[in-house]
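Chain residues, written in single-letter form:
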Amino acid sequence: MGQALPAPALRPMLPADVPVLAEIFVASIEELTGDDYSEAQQIAWASAADDEDKFGARLANELTLVATLRGSPVGFASLKGTDRIGMLYVHPGAARHGVATTLCDALEKLAGARGATALTVEASDTAERFFARRGYVAMQRNSVTIGDEWLANTTMKKMLTAGGAA
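Each residue is numbered by its place in its chain's sequence as written, counting from 1. In view of the model being predicted, local features appear only for residues whose pLDDT reaches at least 70, and side-chain atom pairs are presented and counted only at 80 or more, with totals across whole chains, interfaces and linings using the full set of residues. Think of the side-chain values as coming from all heavy atoms in the structure, minus any hydrogens and water.

### Here's the deal with the packing of aromatic side chains
The pairing test for Phe, Tyr and Trp rings, Trp by its six-membered ring, is centres within 6.5 Å, and the orientation test on the planes gives stacked under 30 degrees, edge-to-face over 60, and tilted for anything in between. For the structure on display, the rule yields 8 aromatic pairs. Note on Trp 45 and Tyr 89: the rings are 6.4 Å apart at their centroids and 65° apart in plane angle, and the pair reads as edge-to-face. Within this pair, whereas Trp 45 is found in helix H2 (residues 39-46), its partner Tyr 89 is found in strand E4 (residues 84-90), the two being separated by 44 residues in sequence. In this scheme, a residue with accessible area under 20% of its type's maximum is buried, one over 50% is exposed, and one in between is partly exposed, where area comes from a 1.4 Å probe on protein chains only. Tyr 89 gets classed as buried once you look at its relative accessible area, which sits at 13%. Ring geometry for Phe 131 versus Tyr 136: centroids 5.1 Å apart, planes at 75°, classification edge-to-face. Taking the relative accessible area as the measure of exposure, Phe 131 reaches 2% and is therefore buried. Looking at Tyr 136, the relative accessible area reads 3%, which means it is buried. Taken together, the ring pairs connect Phe 25, Tyr 37, Trp 45, Phe 55, Phe 76 and Tyr 89 into an aromatic cluster. Helix and strand labels come from DSSP, where a helix needs a run of H or I of at least four residues and a strand needs a run of E of at least two; each type is numbered from the N terminus.

Okay, structure coming up:
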């Protein structure tokens, strides 16, 4: 019988985390989104991490939290401004172990503490079900161009209470 993983811990992103967060980003796209996006779409999407300096600057410009299991980063999420989830990615090896839930709980609390009354996210087709289970409501479908590829996502919104999630 396998041993249960401990609960994920959270900490702020450090500049030294950028290479491993870029790896998590790419692995998540390559291994978890194949049912919803073509290989060409996945390659285009993952190319956002090709330039680690630019990828790191994007994460540094948002409030980025890193989820760790046994001290190793396994996921990350960012709050853009006070009311938008910028990114939420989990390493495939840690998927379905509460990492995304822990990260999303924290972002909802932080957004509420910063005065946001709602939190929005541009959810990939793969992540849409996760956010819907958390009470996010689809507002509109979007098409995003990355290089020569078109990717669909959905703008979703969740109303928050003063202390975080509704």
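### Some words on the side chain of Ser 124
Topologically, Ser 124 is positioned in strand E5 (residues 118-124). For Ser 124, a relative accessible area of 12% translates into the label buried. By the convention used here, residues are in contact when the closest approach between their heavy atoms is within 4.5 Å. Ignoring sequence-local partners within four residues, the contact set of Ser 124 consists of Tyr 37, Trp 45 and Asn 153.

### Examining a negative patch on the surface
A residue counts toward a patch only above 30% relative accessible area and without a salt bridge, and it is joined to like-charged neighbours within 9 Å or, for Val, Leu, Ile, Met, Phe, Trp and Tyr, to nonpolar neighbours within 5 Å. Values of accessible area rely on a 1.4 Å probe in the Shrake-Rupley scheme; residue burial ignores everything except the protein chains shown. Think of a salt bridge as a Lys or Arg side-chain nitrogen and an Asp or Glu carboxyl oxygen that are within 4 Å of each other. For this count, His and the chain ends are skipped, Lys and Arg are scored as positive, and Asp and Glu as negative. For the purpose of locating charges, the reference atoms are NZ of Lys, CZ of Arg, CG of Asp and CD of Glu. Side chains of Glu 23, Asp 50, Asp 51, Glu 52 and Asp 53 sit close together on the surface and give a patch of like negative charge. With respect to the helices, strands and loops of the structure, Asp 53 is situated in helix H3 (residues 52-60). Residue classification places Asp 53 among the exposed positions, given a relative accessible area of 68%.

### Some remarks on unusual backbone geometry
Unlike most non-glycine residues, Arg 70 shows phi in positive territory, near 50°. The class for Arg 70 is exposed, based on a relative accessible area of 60%.

### Topic: the nonpolar core
In these notes, a set of buried Ala, Val, Leu, Ile, Met, Phe, Trp, Tyr and Cys residues joined through side-chain atoms within 4.5 Å is what counts as a nonpolar core. Judged by nonpolar contacts, the single largest core of 25 residues is most densely connected at Ile 85, Val 99, Leu 119, Val 121, Phe 131 and Tyr 136. Those elements that provide at least two residues to this core are strand E2 (63-69), strand E3 (72-80), E4, helix H4 (99-113), E5, helix H5 (125-133) and strand E7 (149-161). The element best represented in this core is H4, accounting for 7 residues. The residues touching Phe 131, leaving out its near neighbours within four places in the chain, are Ile 85, Leu 88, Cys 104, Val 121, Ala 123, Tyr 136 and Met 156. Ranked by size, the runner-up nonpolar core spans 18 residues in total, among them Met 13, Val 18, Phe 25 and Met 87.

### Considerations on the pattern of salt bridges
Throughout the structure, instances matching the rule amount to 7 salt bridges. Between Asp 36 and Arg 129 there is a salt bridge, with its nearest N and O atoms 3.5 Å apart. Taken as a pair, Asp 36 in the loop between helix H1 (18-32) and H2 and Arg 129 in helix H5 lie far apart in primary sequence, 93 residues in all. A residue is classified by how much of its surface remains accessible, and Asp 36, at 27% relative accessible area, is partly exposed. For Arg 141, the salt bridge goes to Asp 125, with nearest N and O atoms at 2.7 Å. Taken as a pair, Arg 141 in strand E6 (residues 137-146) and Asp 125 in helix H5 lie far apart in primary sequence, 16 residues in all.

Read these as layout, nothing more, since geometry by itself doesn't imply function.
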